[in-house]
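Observations on the three-dimensional arrangement
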Amino acid sequence: KQEVTQIPAALSVPEGENLVLNCSFTDSAIYNLQWFRQDPGKGLTSLLLIQSSQREQTSGRLNASLDKSSGRSTLYIAASQPGDSATYLCAVRGGEKLIFGSGTRLLVRP
Amino acid sequence: KAGVTQTPRYLIKTRGQQVTLSCSPISGHRSVSWYQQTPGQGLQFLFEYFSETQRNKGNFPGRFSGRQFSNSRSEMNVSTLELGDSALYLCASWDRDYTGELFFGEGSRLTVL
């Protein structure tokens, strides 16, 4: 049974810092991994999708990597801004279901 | 192009009532899935539809049901509401089998009193 873990559960950093969010999964037989952002009371916004054959994806200040063999993905945020404050979730598609981690709540302090 | 649209955005019901939530996927997307999000349990999978057929169902009681129409719009229904059904219900759509990028709606916030 696929399990997805995100550590840390919460993170507070000063503005301008580069940071890394972690996502680990137990079963490496996946189709893809997707990173989302969620603002309080809102839906999920897709940030990056990495297919199982890919090693990384980039969008602006965001870079996501995938290492299937070790069951890990990281989301790198460069030059963080207060507007980046949100909960970040990773989700793994390992067959028929999309399994979500519990998220990392990020606060970027001005 | 328009994103995933969920209606209603907010609703309040009392225990024992039933509720129907609607989801209109992105134009051209034939796959729709539903999730329940609560502070204690996080995001939990409810069901998934493709071309009007339910492909997967999560571990929820039979009070939770859903369907998809020929235009890919989907509805979910919860009967005999319980206090624990209070949650944000999220719908997502995508355009490819298992490899497509999921796009979520803003959700329907259900409060059961």
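Shown above is the structure to which this text applies.
Our subject in this report is the structure included herewith. (Residues numbered from 1 in each chain as written. Chains lettered and ligands numbered in written order. Predicted model: local features only at pLDDT ≥ 70, side-chain atom pairs only at ≥ 80, totals over all residues. Heavy atoms only, no water.)

1. What to know about the overall build of chain A
From N to C terminus, chain A includes zero helices and eleven strands. The order of helices and strands in chain A, counted from the N terminus, is β-β-β-β-β-β-β-β-β-β-β. Pairs at least 24 apart in sequence give 53% of the contacts found in chain A among residues at least 6 apart. With the model as given, the accessible surface of chain A reaches about 5,100 Å², and the carbon-plus-sulfur share is 48%. (Helix = DSSP H or I, 4+ residues; strand = E, 2+ residues; numbered from the N terminus. Contact = heavy atoms within 4.5 Å. Areas by Shrake-Rupley, 256 points an atom, 1.4 Å probe, with all protein chains shown as cover.)

2. A word on unusual backbone geometry
Backbone torsion omega between A:I7 and A:P8 reads 0°, so that peptide bond is classified as cis. Cis geometry marks the peptide bond from B:T7 to B:P8; its omega dihedral reads -10°. Phi at B:E52 is positive, roughly 75°, even though this residue is not glycine. In this fold, B:E52 is placed in the loop between β5 (42-50) and β6 (53-57).

3. Quick look at the state of the cysteines
Counted according to the given criterion, the structure contains two disulfides over all chains. Disulfide pairing places A:C23 opposite A:C90 at an S-S distance of 2.0 Å. Across the S-S bond of A:C23 and A:C90 the torsion is about 80°, and the bridge reads as right-handed. Of this pair, A:C23 sits in strand β3 (residues 19-25) while A:C90 sits in strand β9 (residues 86-93), and the two are 67 residues apart along the sequence. When sorted by exposure, A:C23 lands in the same class as A:C90, which is buried. The disulfide partner of B:C23 is B:C91, and the gap between their sulfur atoms is 1.8 Å. (Disulfide = S-S within 2.5 Å. Buried < 20%, exposed > 50% of the residue type's maximum accessible area, 1.4 Å probe, protein only.)

4. A closer look at the packing of aromatic side chains
Given two aromatic rings, one states the distance between the centres and the angle between the planes to describe the pair. Under the counting rule described, the total for this entry stands at eight aromatic pairs over all chains. Considering the side-chain rings of A:F100 and B:Y35, the 5.5 Å spacing of their centres and the 80° angle between planes classify their relative orientation as edge-to-face. Here A:F100 is found in strand β10 (residues 98-100), whereas its partner B:Y35 is found in strand β4 (residues 31-38) on a different chain. On the basis of relative accessibility, which here comes to 10%, the residue A:F100 falls in the buried class. With 6.1 Å between their ring centres and 70° between their planes, A:F100 and B:F104 make a pair best called edge-to-face. Note that A:F100 is positioned in strand β10 and B:F104 in strand β10 (residues 103-104), a pairing that runs across two chains. A single burial state applies to A:F100 and to B:F104, both of which are buried. Three or more aromatic residues link up through ring pairs in this structure, and these residues are A:F36, A:F100, B:Y35, B:F45 and B:F104. (Phe/Tyr/Trp six-rings, centres within 6.5 Å; stacked < 30°, edge-to-face > 60°.)

5. Some details on the pattern of salt bridges
Scanning all chains against the criterion turns up eight salt bridges over all chains. Between B:E48 and A:R93 there is a salt bridge, with the nearest N and O atoms lying 3.3 Å from each other. Within this pair, whereas B:E48 is found in strand β5, its partner A:R93 is found in strand β9, the two belonging to separate chains. The burial state of B:E48 is the same as that of A:R93; both residues are buried. A single salt-bridge network, built from bridges that share partners, covers A:R93, B:E48 and B:R55. (Salt bridge = Lys/Arg side-chain N within 4 Å of Asp/Glu carboxyl O.)

By themselves these figures say nothing about function.
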